[in-house]
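Tertiary structure, described
The primary structure of each chain is shown beneath.
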Amino acid sequence: MAELVPDDMAAPAPKRTGLAALLDTVITWWALAGGMVFVALVIMSIVSIVGRKLFSHPIEGDMELLMMGAAIGSAAFLPVCELDDHHIKVDALTTWMSERGRAALDVLAHALLAAASAVITWRSALYVEECYENMEVSTLLLVPVWQPVLLLVPSFVLLTLAALYRAFISLNTATGGHK
């Protein structure tokens, strides 16, 4: 019978220690919280759809809540994808390269992601402040916009830290250190 799991995904990830273990724990729990946001959104959507069809009374502002929640939940998954190096990669052009050569490209990719996510973190935090000062609210439910945006900031901070960690791991591989 053919193996459905690729070889590189079949082996368990190496045990992290120290700060890497702490980062792993925080990121994992943050992603689980993001998953719970999606569970709540599914339940809310079901209740709203049933209410709309059976009683002509959906949950007011369900689409606003869905948009805010989906943004928060999705952002919570980004750090765990980066920490475990499971973002989409196009390896078709690098199959001829050595492991160290691919690791050097990974250093660049992870460092660029770290820089981009640091900028997104900074700009999101500034947007939280601006929304708070201007008392910006959502259209229907009048939810202060700074609140859901504030919940995005920790995801971007964790993404930045995960990208820095992956850059360090790739750098270690590229320079001939241990994996």
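First, a word on scope: everything that follows refers to the structure included in this document. Computed from a prediction, not measured in an experiment: that's the story for all the values here. (Residues numbered from 1 in each chain as written. Predicted model: local features only at pLDDT ≥ 70, side-chain atom pairs only at ≥ 80, totals over all residues. Heavy atoms only, no water.)

Once that is clear, we can look at a nonpolar patch on the surface. Residues Val42, Ile46, Val50, Leu54 and Phe55 make up a contiguous nonpolar surface patch of roughly 520 Å² in combined accessible area. A residue is classified by how much of its surface remains accessible, and isoleucine 46, at 48% relative accessible area, is partly exposed. (Patch = residues over 30% accessible without salt bridge, like charges linked within 9 Å, V, L, I, M, F, W, Y side chains within 5 Å. Areas by Shrake-Rupley, 256 points an atom, 1.4 Å probe, with all protein chains shown as cover. Salt bridge = Lys/Arg side-chain N within 4 Å of Asp/Glu carboxyl O. Buried < 20%, exposed > 50% of the residue type's maximum accessible area, 1.4 Å probe, protein only.)

Further remarks concern the environment of glutamate 64. Tracing the backbone through its elements, the reader meets glutamate 64 in helix α3 (residues 62-83). Along the backbone, glutamate 64 and valine 143 are 79 residues apart, and their C-alpha atoms lie at a distance of 9.2 Å. With residues near it in sequence (within four places) discarded, glutamate 64 still touches Ser138, Thr139, Leu140 and Leu141. A distance of 3.2 Å separates a polar side-chain atom of glutamate 64 from the backbone nitrogen of threonine 139. (Helix = DSSP H or I, 4+ residues; strand = E, 2+ residues; numbered from the N terminus. Contact = heavy atoms within 4.5 Å. Polar contact = N/O pair within 3.5 Å; in protein donor to acceptor, adjacent residues only side chain to side chain.)

Counting eight residues, the largest nonpolar core consists of Ala20, Leu23, Ile27, Leu83, Leu158, Ala162, Tyr165 and Ile169. Of all elements in the fold, only α2 (18-55) and α6 (153-174) reach the threshold of two or more residues within this core. Ranked by residues supplied to this core, first place goes to α6 with four residues. If near-sequence neighbours (up to four positions away) are discounted, isoleucine 27 is found in contact with Pro79, Val80, Leu83, Leu158 and Ala162. In this structure, Cys131, Val145, Val149 and Val153 belong to the second largest nonpolar core, which totals five residues. (Core = buried A, V, L, I, M, F, W, Y, C linked by side-chain atoms within 4.5 Å.)

Moving on, we get to the side chain of serine 117. In this structure, serine 117 sits in helix α4 (residues 99-134). By relative accessible area, which is 1% here, serine 117 ends up buried. A polar side-chain atom of serine 117 sits 3.2 Å from the main-chain carbonyl oxygen of alanine 114.

Counted at 1.5 Å a residue, the expected span for α3 with its 22 residues is 32 Å, and the 33 Å between its end C-alpha atoms agrees. Buried-residue contacts for α3 involve α2, α4, α5 (146-150) and α6. (Expected span 1.5 Å × (residues − 1).)

A few words now on the packing of α2 against α3. The geometry of a pair of packed helices is captured by two quantities: the angle between their axes and the separation between those axes. The contact between α2 and α3 brings their axes to 8 Å, and the two run at 155°. If you check the angle between α2 and α3, you find them roughly antiparallel. Crossing of α2 over α3 shows left-handed handedness. Classifying every residue of the contact of α2 with α3 by side-chain character gives 16 nonpolar, seven polar and three charged. (Axes fitted to C-alpha atoms, helices over the stretch in contact; angles between N-to-C directions. Parallel < 35°, antiparallel > 145°, perpendicular 65-115°, else oblique. Left-handed = near helix turned anticlockwise from the far one by under 90°. Nonpolar A, V, L, I, M, F, W, Y, C, P; charged D, E, K, R; others polar.)

Our next topic: α6. Over its 22 residues, α6 runs 31 Å from end to end, which matches the ideal 32 Å to within 8%, given 1.5 Å per residue. In the segment just after α6, glycine 176 is the residue with positive phi, at about 90°.

All right, on to the packing of aromatic side chains then. Applying the stated rule across the entire model yields two aromatic pairs. When the centroid spacing of 5.8 Å and the interplanar angle of 10° are considered together, the rings of phenylalanine 38 and phenylalanine 77 count as stacked. Placement of the pair is phenylalanine 38 in helix α2 and phenylalanine 77 in helix α3, with a sequence separation of 39 residues. Classification of phenylalanine 38 by relative accessible area gives partly exposed; the value is 27%. Take phenylalanine 77: its relative accessible area is 30%, and that puts it in the partly exposed class. Ring centres 5.3 Å apart and planes at 85° place the aromatic pair tyrosine 132 and tryptophan 146 in the edge-to-face group. One end of the pair, tyrosine 132, is in helix α4; the other, tryptophan 146, is in helix α5, and 14 residues separate them in sequence. Tryptophan 146 gets classed as partly exposed once you look at its relative accessible area, which sits at 23%. Positioned over the ring face of tryptophan 122 is arginine 123, at 5.0 Å from the centre of the ring. (Phe/Tyr/Trp six-rings, centres within 6.5 Å; stacked < 30°, edge-to-face > 60°. Lys NZ or Arg CZ within 6 Å of the ring centre and 35° of its normal.)

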